[in-house]
Amino acid sequence: MQSTHDDTRRRWILVLCCLAQFMVILDVSVVNVALPSIRASLGFSGVDLQWVVNAYTLTFAGFLLLGGRAADLLGRRRVFIAGLLLFALASLVGGLSSSQTMLVLARGFQGLGGAIVAPATLSILTTTFDEGVERNHALAAWGAMGAAGGATGNFLGGVLTQLLGWEWVLFINVPIGVVAAMAALRIVPESRRVVAERHYDVSGAVAVTAGLVILTFAIVRTDVNGWLSASTLLVAGAGIALLVAFLGIERRARSPLVPLRIFASRTLTTANLVVLMMGSSAFAMWYFVSLYLQQVLGYSPIEAGLAFVPMTLTIIVSSTFAGRMAERLGPGRILAAGMTLIALGMALFARISPTGTYLDDVLVPSVLAAAGIGCSFVPVTIAATTGVPREDAGLASGLVNTSRQVGGSIGLAVLATLATQRTAALAHAGGASPAALTAGFHRAFLVGAGFALLGALLAGGVLVPAQRRAPAPAPADA
């Protein structure tokens, strides 16, 4: 009877952690379809509009590892609930925003809440489920829900924007966050790592986040200042200096967020480079496809949201398939195949026409890229944690999430800036025509395809050979 009760509790914990992860990743993409409405409502420029996405992803990435440390040391349930409530409050403020600054700041605090929630869910799962098949199945479900959240956001964002207004893509998080926090109080047992002293490395988290924000700002402003102007180089240099300072802090810190020794693992380092490339291409793809559907093809928000349904379904199916195939063929091969599919989909998107149609220009590349995303999401986590000591497993998983968000932020900044510059060069005095907008999207998709192809080459050239050299697992004791 006790075992049945424990199994039921574990199932509910898995459901709750998957729901929270779904919500956190959902908010990376849920605003995409709402972007034209947000721009019209608050007066964002074309290049500044990306801050609605990047304010979230940059704070999420910068504080993700600190969130994991806090969960382990302060109590996983306590920190999980605090993150959910911060996320819900920031969502409420974001929905009530009456200015660009207010919305961007709210999205930043949403990212901070997400950076607390996501690693807490992972830490709760790894302490709830035993290592082996049971934990692998739980992590596969958690990873699949994250992938589905990224894709579902576009559909849900379109429905909410058209029926209720763009504010509701943020308001929807409030009841979910509050209900999830109340459920966690009831079903998640409190646990934490017992240590003599607690060290959080706040300075490291602030340095890396500030460095990423400043570097992204320098990239975004190149549409005004140019890539090689003194202003761009000075600001970019300040961002890079902060990132170098972060490495120095980590080298000297008593309990660093990222012990640099972990990068001695060639497999872990390569897996993080691959997921960086995945974020750089996949995040930007959702952004540009949303704009193409509405600004060029004239879709309404709900029509644009429905256009992403095939992508959502493909990601869900391929994520499940990828988890099983990674166990049989190894994560490196599946990851290389997935990144190749993303590159192919992005390359096909570079052929979209200003007078195109959904069936001719969007459906096939979106399904190909979605299959690639689904085939990459779970295997890259497996690849990054393979051979990592047990005490570093949480750190390795957190690094994957951080790399994906950093890749998404920097990639979007680069691609959006390139697209805007191309469009501006072709635009007439009366504004950007569909042809000029599409030409800008072409450039972004081509460069994004290059990012994904680089990721495929890294996975195939490093992870697959490493997988072949790995020793076979020892047989289980009888």
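The coordinates are above.
Residues numbered from 1 in each chain as written. Predicted model: local features only at pLDDT ≥ 70, side-chain atom pairs only at ≥ 80, totals over all residues. Heavy atoms only, no water.

Chemist: Quick question: what am I supposed to make of the overall build of the protein chain here?
Modeler: Assigned secondary structure in the protein chain consists of 18 helices and zero strands. Radius of gyration (C-alpha) of the protein chain: 21 Å, near the 23 Å computed for a compact globule of 478 residues. Dimensions of the protein chain, computed from the C-alpha atoms along their principal axes, are close to 75 × 50 × 45 Å. Considering only residue pairs separated by 6 or more positions, the protein chain has 84% of its internal contacts joining residues 24 or more positions apart. Of the side chains in the protein chain, 30 bear a positive and 21 a negative charge, and the two mean positions are spaced by 4 Å. (Helix = DSSP H or I, 4+ residues; strand = E, 2+ residues; numbered from the N terminus. Rg over C-alpha atoms; globule rule 2.2 N^0.38 Å. Contact = heavy atoms within 4.5 Å. Lys, Arg positive; Asp, Glu negative; His and termini not counted. Charge placed at Lys NZ, Arg CZ, Asp CG, Glu CD.)

Chemist: Would you mind showing me how to read the packing of helix H3 (residues 51-74) against helix H5 (residues 100-128) here?
Modeler: Any two packed helices are characterised by the angle at which their axes cross and by the distance between the axes. Between H3 and H5, the least distance of the axes is 6 Å, while the angle of their chain directions is 35 degrees. The hand of the H3/H5 crossing is right-handed. Class assignment for the residues of the contact of H3 with H5 results in 17 nonpolar, eight polar and two charged. (Axes fitted to C-alpha atoms, helices over the stretch in contact; angles between N-to-C directions. Left-handed = near helix turned anticlockwise from the far one by under 90°. Nonpolar A, V, L, I, M, F, W, Y, C, P; charged D, E, K, R; others polar.)

Chemist: Hey, could you run me through the side chain of threonine 314 in this one?
Modeler: When you line up the elements, threonine 314 lands in helix H14 (residues 309-329). Residue contacts for threonine 314: discarding those within four places in its chain leaves Val367, Ala370 and Ala371.

Chemist: Would you mind going over the layout of surface pockets with me for this structure?
Modeler: Over the atoms a probe the size of a water molecule is rolled, and this reveals where empty space is left. Of the volumes computed, that of the second largest pocket is approximately 760 Å³. In this structure, the second largest pocket is lined by 29 residues; those nearest its centre are Phe263, Leu276, Thr402, Ser403 and Val406. Elements represented by at least two residues in the lining of the second largest pocket include exactly H3, helix H9 (202-220), helix H11 (230-252), helix H12 (266-296) and helix H17 (393-426). Looking at the lining of the second largest pocket, the element that brings in the most residues is H17, giving eight residues. (1 Å grid on protein atoms, 1.4 Å probe; cavity = no way out; pocket = protein on both sides within 12 Å on 5 of 7 lines; lining within 4 Å. Points joined across faces, edges and corners; volume = space filled by probe spheres on them.)

Chemist: When you look at the side chain of threonine 438 in this model, what are you seeing that I'm missing?
Modeler: Topologically, threonine 438 is positioned in helix H18 (residues 434-469). Owing to a relative accessible area of 1%, threonine 438 belongs among the buried residues under this scheme. Contacts of threonine 438, omitting those with residues within four sequence positions, involve Tyr292, Val296, Ile352, Ser353 and Pro354. (Buried < 20%, exposed > 50% of the residue type's maximum accessible area, 1.4 Å probe, protein only.)

Chemist: What is the right way to read the environment of valine 30 from this model?
Modeler: Along the polypeptide, valine 30 turns up in the loop between helix H1 (2-29) and helix H2 (35-42). For the pair valine 30 and leucine 359, spaced 329 residues apart in sequence, the C-alpha separation works out to 23 Å. Not counting the four nearest positions on each side in its chain, valine 30 is found in contact with Gly153, Gly157 and Val169.

Chemist: Looking at this model, I keep getting lost on the packing of aromatic side chains. Mind explaining?
Modeler: Under the defined criterion, the tally for this structure stands at nine aromatic pairs. Measuring from centroid to centroid gives 6.2 Å for phenylalanine 283 and tryptophan 286, while their planes differ by 35 degrees, and the two rings are tilted. Of this pair, phenylalanine 283 and tryptophan 286 both sit in helix H12, three residues apart, roughly one helical turn. Judged by relative accessible area, phenylalanine 283 falls into the buried class, the value being 11%. Three or more aromatic residues joined by ring pairs form one cluster here, namely Tyr287, Phe288, Tyr292, Phe349, Phe441 and Phe445. (Phe/Tyr/Trp six-rings, centres within 6.5 Å; stacked < 30°, edge-to-face > 60°.)

Chemist: When you look at empty space enclosed by the protein in this model, what are you seeing that I'm missing?
Modeler: Summed over the entire model, instances satisfying the criterion amount to three cavities of 30 Å³ or more. Roughly 40 Å³ of internal volume is contained in the second largest cavity. As for the second largest cavity, its lining consists of Val28, Asn32, Val53, Phe283, Gly408 and Leu412. Looking at the lining of the second largest cavity, its residues break down into four nonpolar, two polar and no charged.

Chemist: Explain the state of the cysteines here, please?
Modeler: Here, the word disulfide means a covalent bond between the sulfur atoms of two cysteines. Applying the stated criterion across every chain, the model contains zero disulfides. Its sulfur unpaired, cysteine 17 is 7.1 Å from the next cysteine sulfur, which belongs to cysteine 18. For cysteine 18, a relative accessible area of 8% puts it in the buried group. (Disulfide = S-S within 2.5 Å.)

Chemist: What's the story with the packing of H12 against helix H16 (residues 358-385) in this structure? I'm lost.
Modeler: Contact geometry of H12 with H16 gives a least axis separation of 10 Å together with a crossing angle of 155 degrees. In this view, H12 runs roughly antiparallel relative to H16, as classed from their interaxial angle. Crossing angle aside, the handedness with which H12 passes H16 is left-handed. Residue-level inspection shows Thr267, Leu268, Ala271, Val275, Met278, Ala282, Met285, Trp286, Val289, Tyr292 and Leu293 of H12 in contact with H16, the latter providing Tyr358, Asp361, Val362, Ala369, Ile373, Ser376, Phe377, Val380, Ala383 and Ala384. Split by residue class, the contact of H12 with H16 holds 18 nonpolar, two polar and one charged. (Parallel < 35°, antiparallel > 145°, perpendicular 65-115°, else oblique.)

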